[in-house]
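Here's the letter readout for the chains.
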Amino acid sequence: MAVPEAQARFGQSVKGLLSEKVGSCSGDVIALTRQVLKGSRSQELLGQAARNMVLQEDAILHSEDSLRKMSIITTHLQYQQEAIQKNVEHSRNLQDQLRHSLK
Amino acid sequence: MAASEGGSSAADIAVIPAQRLESASGVMNADAQEEASELESSETAPRPIAPTSKKPGNNNGGVETAEEATEPAEPDINELCRDMFEKMAIFLQGELTATCEDYKLLENMNKLTSLKYMEMKDISINISRNLQDLNQKYASLQPYLDQINQIEEQVTALEQAAYKLDTYSKKLEAKFKKLEKR
């Protein structure tokens, strides 16, 4: 290993060798960073998570819409119950009147 | 080949034969002394920018060696180096920022979804409370509803009885008419 390196360095200036070394080191650092990021698979997992959430959003909106409709129906039921209660109060009076008329 | 052609005055280790060494030794010693004195005096002063070619100095075993001639550093090399490392740092930061941005996106999406779910939770709490009240009021109305059911059953029975009575009275009328004709 040392011999070919020595042969490669023969005839080159120190400055050239230094710049080559700096370039190779910086390339190694960049490659290492990319490999670390690729190895963590963060891009894949986060992208998949974002896609799944987008798919779920439709179901969430539908559920919210259903809940709002249910609340409206509940309000209408309350109105109907109040009307029935009023009529029941009236029916009590009617019963008393009927009893009196039958006597 | 190419390196030697373009290398100019750098990185050449010259080996001078011993014959030349003897003639140059006297000159070398005087020059070395001059250089040493110059070095002492010029430690604080800025050195002139000129190619420094060190003169051969060592004389070991009859073989004279010379140190390589080096080119002077460019005046803006420090600035270039600083620029290079700054840009490399920016590049690496950018590589890592991409992942951070993905995490931030997911965080925002999760926050919005949690807000939606909180709204839905409030709505469902209201619905459950209202339905509980409705059930209680329905339970209070239950006796009246039972009375209504009883009344309906009785009315249905009355209606049946009325139909039967009507049928019986019609039969009776028919018989009476038949007897009257006789």
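The structure this text deals with has already been given above.
Computed from a prediction, not measured in an experiment: that's the story for all the values here.

Asker: Tell me about the overall build of chain A, residues and numbers included.
Answerer: Secondary structure assignment for chain A yields three helices and zero strands. The burial tally for chain A puts 13% of its 103 residues in the buried class. Summed over its atoms, the accessible surface of chain A is roughly 8300 Å², and 62% of this surface lies on carbon and sulfur atoms.

Asker: Describe in detail the overall build of chain B, supporting the description with residues and values.
Answerer: From N to C terminus, chain B includes three helices and three strands. Secondary structure elements of chain B occur, N-terminal to C-terminal, as α-β-α-β-β-α. Residue pairs in contact within chain B that sit at least 24 positions apart in sequence constitute 55% of those at least 6 positions apart. Taken as a whole, chain B presents about 15000 Å² of accessible surface, with 58% of it coming from carbon and sulfur.

Asker: So what's going on with the nonpolar core? Which residues, and what values?
Answerer: Within the largest apolar cluster, five residues are counted, these being A:Ile60, A:Leu67, B:Met120, B:Ile123 and B:Ile127. Put simply, the parts of the chain that give this core at least two residues each are helix H3 (42–102) of chain A together with helix H3 (77–181) of chain B. Here this core takes three residues from H3(B), the largest share from any one element. Beyond its immediate sequence surroundings of up to four residues, B:Met120 is in contact with A:Ile60, A:Ser63, A:Glu64 and A:Leu67.

Asker: Please give an account of a nonpolar patch on the surface that cites residues and values.
Answerer: Where nonpolar side chains cluster on the molecular surface, the patch consists of A:Leu18, A:Val22, B:Met84 and B:Phe85 and spans about 360 Å² of accessible area. Contributing elements (two or more residues each) for the nonpolar patch: helix H2 (14–40) of chain A together with H3 of chain B. Mapped onto the elements, A:Val22 comes out in helix H2.

Asker: Let's hear about H3(B): which residues, and what values?
Answerer: Structurally, the α-helix is built with 3.6 residues per turn, so residues lying three or four positions apart point the same way. With 105 residues, H3(B) should cover 156 Å at 1.5 Å per step; its first-to-last C-alpha distance of 144 Å lies within 8% of that length. At B:Gln142, H3(B) is bent by approximately 45°, the largest bend along its length, and proline B:Pro143 sits one to four residues beyond. Listed as buried for H3(B) are B:Met88, B:Leu92, B:Thr99, B:Leu106, B:Met109, B:Thr113, B:Met120, B:Ile123, B:Ile127, B:Leu134 and B:Leu141. As for H3(B), its buried residues are in contact with H2 and H3 of chain A.

Asker: Lay out the interface of chain A and chain B with the relevant residues and their values.
Answerer: On the side of chain B, 35 residues touch chain A, which itself brings 36 residues to the contact. For the chain A and chain B pair, buried surface summed over both sides reaches about 3200 Å², with 72% attributable to carbon and sulfur atoms. Counting across the interface, chain A meets chain B through two salt bridges. A salt bridge links B:Lys116 to A:Glu64, with the nearest nitrogen and oxygen atoms 3.7 Å apart.

Asker: Just give me the short version of the pattern of salt bridges, but keep the residues and values in it.
Answerer: Within this structure, the stated rule accounts for 13 salt bridges over all chains. Residue A:Arg92 pairs with A:Glu89 through a salt bridge whose shortest N-O separation is 3.0 Å. With A:Arg92 and A:Glu89 both in helix H3 and three residues apart, the pair spans about one turn of that helix. Through salt bridges with shared partners, one network takes in A:Glu64, A:Arg68, B:Lys116 and B:Glu119.

Asker: Tell me about the packing of H3(A) against H3(B), residues and numbers included.
Answerer: Close contact between H3(A) and H3(B) brings their axes to 8 Å; oriented N to C, the two are set at 20°. It follows from the interaxial angle that H3(A) and H3(B) lie roughly parallel. Note that H3(A) runs across H3(B); the crossing there is left-handed. Looking at side-chain class alone, the contact of H3(A) with H3(B) contains 24 nonpolar, 15 polar and seven charged residues.

Asker: Give me the side chain of A:Thr33: which residues, what numbers.
Answerer: Assignment of secondary structure puts A:Thr33 in helix H2. Those residues within four positions of A:Thr33 in sequence are excluded, and the remaining contacts are B:Leu92 and B:Glu95.

Asker: Help me get a handle on H2(A), residues and values and all.
Answerer: Here H2(A) is 27 residues long and its end C-alpha atoms lie 39 Å apart, about the 39 Å a rise of 1.5 Å per residue gives. Along H2(A), the positions that sit buried rather than exposed are A:Ser26, A:Thr33 and A:Leu37. In this structure, the buried side of H2(A) is in contact with H3 of chain A together with H3 of chain B.

What counts as what
Residues numbered from 1 in each chain as written. Chains lettered and ligands numbered in written order. Predicted model: local features only at pLDDT ≥ 70, side-chain atom pairs only at ≥ 80, totals over all residues. Heavy atoms only, no water. Helix = DSSP H or I, 4+ residues; strand = E, 2+ residues; numbered from the N terminus. Buried < 20%, exposed > 50% of the residue type's maximum accessible area, 1.4 Å probe, protein only. Areas by Shrake-Rupley, 256 points an atom, 1.4 Å probe, with all protein chains shown as cover. Contact = heavy atoms within 4.5 Å. Core = buried A, V, L, I, M, F, W, Y, C linked by side-chain atoms within 4.5 Å. Patch = residues over 30% accessible without salt bridge, like charges linked within 9 Å, V, L, I, M, F, W, Y side chains within 5 Å. Salt bridge = Lys/Arg side-chain N within 4 Å of Asp/Glu carboxyl O. Expected span 1.5 Å × (residues − 1). Bend = angle between axes of the 7 residues up to and from the residue. Buried area = accessible area lost by both parts, 1.4 Å probe. Axes fitted to C-alpha atoms, helices over the stretch in contact; angles between N-to-C directions. Parallel < 35°, antiparallel > 145°, perpendicular 65-115°, else oblique. Left-handed = near helix turned anticlockwise from the far one by under 90°. Nonpolar A, V, L, I, M, F, W, Y, C, P; charged D, E, K, R; others polar.

It is worth stressing that arrangement in space is one thing and function is another; only the former is reported here.
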